[in-house]
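Given next are the chains, with one letter for each unit.
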Amino acid sequence: MVFSKKDHLVGLDIGSSFIKVAELQISKKKKTLKKFGMAPLTPGAIVEGRIMDMEEVAQTIRSLFRSQKIRKKNVAISTGGHSVVIKTINTAKVPEKNLQETITAEAEQYIPYDMEDVNIDYQILGESRFAPDQMNVLLVAVKKDLVAEYMELTASAGLNAKIIDVDTFALQNIYETLAGQGAEDIVLLLDVGASKTSLNILKANTSMMMRDNDSGTHQVIEQICTRFETDIQEAEKIMQSPLEKAPDPEAVTMILDEVANTWCSEICEVVNTFQSNTNDTRVTKVVLSGGGSYVPGFADNLGSELDVKVVTISPFEGLHLDGKKFSPAFISRVSPQAPIALGLALRRVDDK
Ligand SMILES: Nc1ncnc2c1ncn2[C@@H]1O[C@H](COP(=O)(O)OP(=O)(O)OP(=O)(O)O)[C@@H](O)[C@H]1O
Ligand SMILES: [Mg+2]
């Protein structure tokens, strides 16, 4: 296909706490970061991935595009959480032309929603290890009303959503461009966001297990609100400032430690179950992203519990940056929150 600049989409990560936007210029030789920016959302505007205040979110997106001087309208967005179901299923090999029908029929038993209410997508992962006449298929079901909600949102922000991806896939997409991946590594790609945590265990860039749960920095915020009798905005300020500036640093440290411990236990449980279900396949590395990465001690704690190295993602690493536009301090500060928007910005209009 003839390469056209128009094919590139602006990556728009609509998180429940921060909106992130990224624009790349991609040529055969290099990928250049043109724009990256973030804007906080008013608490309650998005709850559990559902849009509660359409105008507020649209307004935040519009001003972010304006402040970043992004004129392109075609965007790739993503969703996650409860309204998205991702499953690896096993099904009989069938000719290509019957695939859609077979998988849709099979999907019914795995999806907890009425089939009328979801859009189904799939990707063949390969032949089953146990039965050569079977294949592994990655099944994705997204609720139609969620898709409609995000289409309405992007339209009211004056944008065109050309691709609706899944948060976990967008994260994997940027991760695959980064260096330092050993072919033998079993990597846990972890995103601890404001309202949800996503886990994706990868071997040679193929997902072996994906899972989302409800944990996130909202747990820290809720506890700060209760402890200091403040509102969410004030609690966010405390969370995002250096610890020594907190009204009672010791109390904040206790909250952070307690929540980080809960996250660690939940993550360890998922990893241990995965390891025992896969003949002791060991996770050899954890790559951490999302606002949860800022919680002091969390990465170290997780590393010692799992007995593996935990690194925070460096999602800009494979990109060409103009040092005058993006200072190292800025890049390092936004790195944990940037990967999904960057993964989305790698998408092209004609991608599936
Ligand atoms: N500098 C900082 N220091 C400490 N915590 C921070 C900092 N910046 C952001 N956070 C925390 O990270 C959270 C945002 O993380 P993130 O951007 O990953 O969430 P999100 O993508 O909006 O949420 P979700 O994906 O769950 O919908 C904020 O709510 C805040 O609590
Ligand atoms: Mg997020």
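In this text, all values refer to a predicted model and were calculated from it rather than measured experimentally.

### Concerning a negative patch on the surface
Point 1. Side chains of E108, D114, E116 and D117 sit close together on the surface and give a patch of like negative charge.
Point 2. Here E108 shows up in the loop between α2 (99-107) and β8 (118-127).
Point 3. On the accessibility criterion, E108 (52% relative accessible area) is exposed.

### Thoughts on the site of ligand 1
Point 1. Around ligand 1 sit 17 residues in total, of which S17, K20, S195, E236 and Q337 are the nearest.
Point 2. Residue E236 places a side-chain N or O atom 2.7 Å away from an oxygen atom belonging to ligand 1.
Point 3. In the environment of ligand 1, an oxygen atom lies 2.8 Å from a nitrogen or oxygen atom belonging to the backbone of G291.
Point 4. Starting from 650 Å² of accessible surface for ligand 1 in isolation, the protein chains cover 91%.
Point 5. Put simply, the parts of the chain that give the shell around ligand 1 at least two residues each are β2 (18-26) and α6 (232-240).
Point 6. Looking at the shell around ligand 1 residue by residue, the classes come out as four nonpolar, ten polar and three charged.

### Side note on the nonpolar core
Point 1. Grouped together as the largest cluster of nonpolar side chains are 37 residues, with contacts concentrated most on L188, L190, I267, V283, V286, F298 and L302.
Point 2. Mapped onto this core, the elements with two or more residues apiece are β11 (186-192), β12 (197-203), α5 (218-228), α6, α7 (249-277), β14 (285-289) and α8 (298-306).
Point 3. When neighbours within four sequence positions are excluded, L188 is seen to be in contact with L199, N200, I201, I267, V271, V283, K285, V286 and V287.
Point 4. One finds L41, V142, Y150 and L159 within the second-largest nonpolar core, a separate group that totals 33 residues.

### Looking at unusual backbone geometry
Point 1. If you check the backbone angles, K69 has positive phi at about 55° while not being a glycine.
Point 2. Tracing the backbone through its elements, the reader meets K69 in the loop between α1 (54-67) and β6 (74-79).
Point 3. Accessibility expressed as a relative area gives 55% for K69, which makes it exposed.
Point 4. The backbone of E229 shows a phi angle near 50°, a positive value even though the residue is not glycine.
Point 5. Tracing the backbone shows E229 in the loop between α5 and α6.
Point 6. With a relative accessible area of 74%, E229 lands in the exposed category.

Reading the values: rules and limits
- Residues numbered from 1 in each chain as written.
- Chains lettered and ligands numbered in written order.
- Predicted model: local features only at pLDDT ≥ 70, side-chain atom pairs only at ≥ 80, totals over all residues.
- Heavy atoms only, no water.
- Patch = residues over 30% accessible without salt bridge, like charges linked within 9 Å, V, L, I, M, F, W, Y side chains within 5 Å.
- Areas by Shrake-Rupley, 256 points an atom, 1.4 Å probe, with all protein chains shown as cover.
- Salt bridge = Lys/Arg side-chain N within 4 Å of Asp/Glu carboxyl O.
- Lys, Arg positive; Asp, Glu negative; His and termini not counted.
- Charge placed at Lys NZ, Arg CZ, Asp CG, Glu CD.
- Helix = DSSP H or I, 4+ residues; strand = E, 2+ residues; numbered from the N terminus.
- Buried < 20%, exposed > 50% of the residue type's maximum accessible area, 1.4 Å probe, protein only.
- Near = heavy atom within 4 Å.
- Polar contact = N/O pair within 3.5 Å; in protein donor to acceptor, adjacent residues only side chain to side chain.
- Nonpolar A, V, L, I, M, F, W, Y, C, P; charged D, E, K, R; others polar.
- Core = buried A, V, L, I, M, F, W, Y, C linked by side-chain atoms within 4.5 Å.
- Contact = heavy atoms within 4.5 Å.

Everything listed is a geometric property; what it means functionally is a separate question.
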